[in-house]
Amino acid sequence: MSVNAEVAHTARVWDYWLGGREHYLVDRQVGDQVRGMYPQIPQVARADREFLVRAVRFLAEGAGVRQFLDIGTGLPTAQNTHEVAQGAAPDARVVYVDNDPLVLAHARALLVGGPEGATDYVEADVREPEAVLSGAAKTLDLGRPVAVMLLGVLNFVLDTNEAVRVVDRLLEAVPPGSYLVLTHPTLELGGEANAAAMGFWNAHASPPITARSRSEVSRLLHRVELLPPGLVPCTHWRPAGEPDRAVAQFGAVGRKP
């Protein structure tokens, strides 16, 4: 699969919003247009990454989780999952999953774990959970608890019933005591202005994206028991101090009973 530099792609545009360097002119053009329509989008990108750090650190330090399955990895940036997890627990094992060739190339070069743990990369699509699980099983012991991480990726599964089936299958494959970590964009929480930006994105970039309501996101979480504070703006999930302003991105962590 080759890299298409003529069509903006979510991993590269996200990298642009986060201040990275792995993007093309078309990604910057589309990213600037979306930001002009929805100026909060860089804050959403940063809030999503900060949520990841807090959630992974909590699971590794406070919940004793030693296995992480990060689906929809995106391009490497600061404080990636394995860095946070292995910083807290050097023996943590992390598998990254993505289907973008540019992400694959950078992940193989940069997402390298410490000697006590393990870090691997699986090229697969979230819509194909059997391929995800088969690849992950080469590094993770799926008979022991796993943190299944789906940050900003189920919004690319446009049909909600299909998205629910994907989450259900992933959770079926891991034992009780496993966790689901999820973020998802919404037009609630002050995100109404994002509707036009999403429409522009779907017309000019790939892959297409959808927002979901609180009730729709709750369906994705029906197999887990949510940890406090529940399904909230991701900036409000266990911040270190006073929470930042709410962004139009839900965040939640749940435990499989």
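In the block above lies the structure referred to throughout.
Source: prediction; values computed, not measured. (Residues numbered from 1 in each chain as written. Predicted model: local features only at pLDDT ≥ 70, side-chain atom pairs only at ≥ 80, totals over all residues. Heavy atoms only, no water.)

### Quick look at the overall build of the chain
To keep it simple, the criterion reads: Helix and strand labels come from DSSP, where a helix needs a run of H or I of at least four residues and a strand needs a run of E of at least two; each type is numbered from the N terminus. In this setup the radius of gyration rests on C-alpha atoms only. A globule is expected at 2.2 Å times the number of residues raised to 0.38. Note on classification: 1.4 Å probe, protein chains only; a residue is buried when its accessible area is under 20% of the maximum for its type, exposed when over 50%, partly exposed between these limits. Contact definition: two residues touch when any of their heavy atoms are within 4.5 Å. Note on areas: Shrake-Rupley, 1.4 Å probe, and residue coverage restricted to the protein chains presented here. Here Asp and Glu are counted as negative and Lys and Arg as positive; His is not counted, and neither are the chain ends. Each charge is placed at NZ for Lys, CZ for Arg, CG for Asp and CD for Glu.
Within the chain one finds nine helices and ten strands. Computed over the C-alpha atoms, the radius of gyration of the chain is 17 Å, within 12% of the 18 Å expected from 2.2 N^0.38 for a compact globule of 257 residues. The C-alpha extent of the chain, read off along each of the three principal axes, is 45 × 40 × 35 Å. Considering the chain as a whole, with its 257 residues, one finds that 55% of them fall into the buried category. Restricting to contacts in the chain with at least 6 residues of sequence separation, those with at least 24 account for 73%. About 10,800 Å² of surface is accessible on the chain, with carbon and sulfur atoms providing 50% of the total. Across the chain, the centroid of the 24 positively charged side chains sits 3 Å from that of the 30 negatively charged ones.

### Brief notes about the environment of Ser134
Along the polypeptide, Ser134 turns up in helix 6 (residues 129-136). Note: C-alpha distance between Ser134 and Ala124 (ten residues apart in sequence) is 9.9 Å.

### Focus on helix 6
The following threshold applies: Note that the arc is defined by the directions from the helix axis to the C-beta atoms.
Residues of helix 6 that are buried include every one of Pro129, Val132, Leu133, Gly135 and Ala136, and no others. Seen along its axis, helix 6 keeps its buried residues to an arc of 165 degrees; they face one direction.

Nothing here speaks to function; it is geometry throughout.
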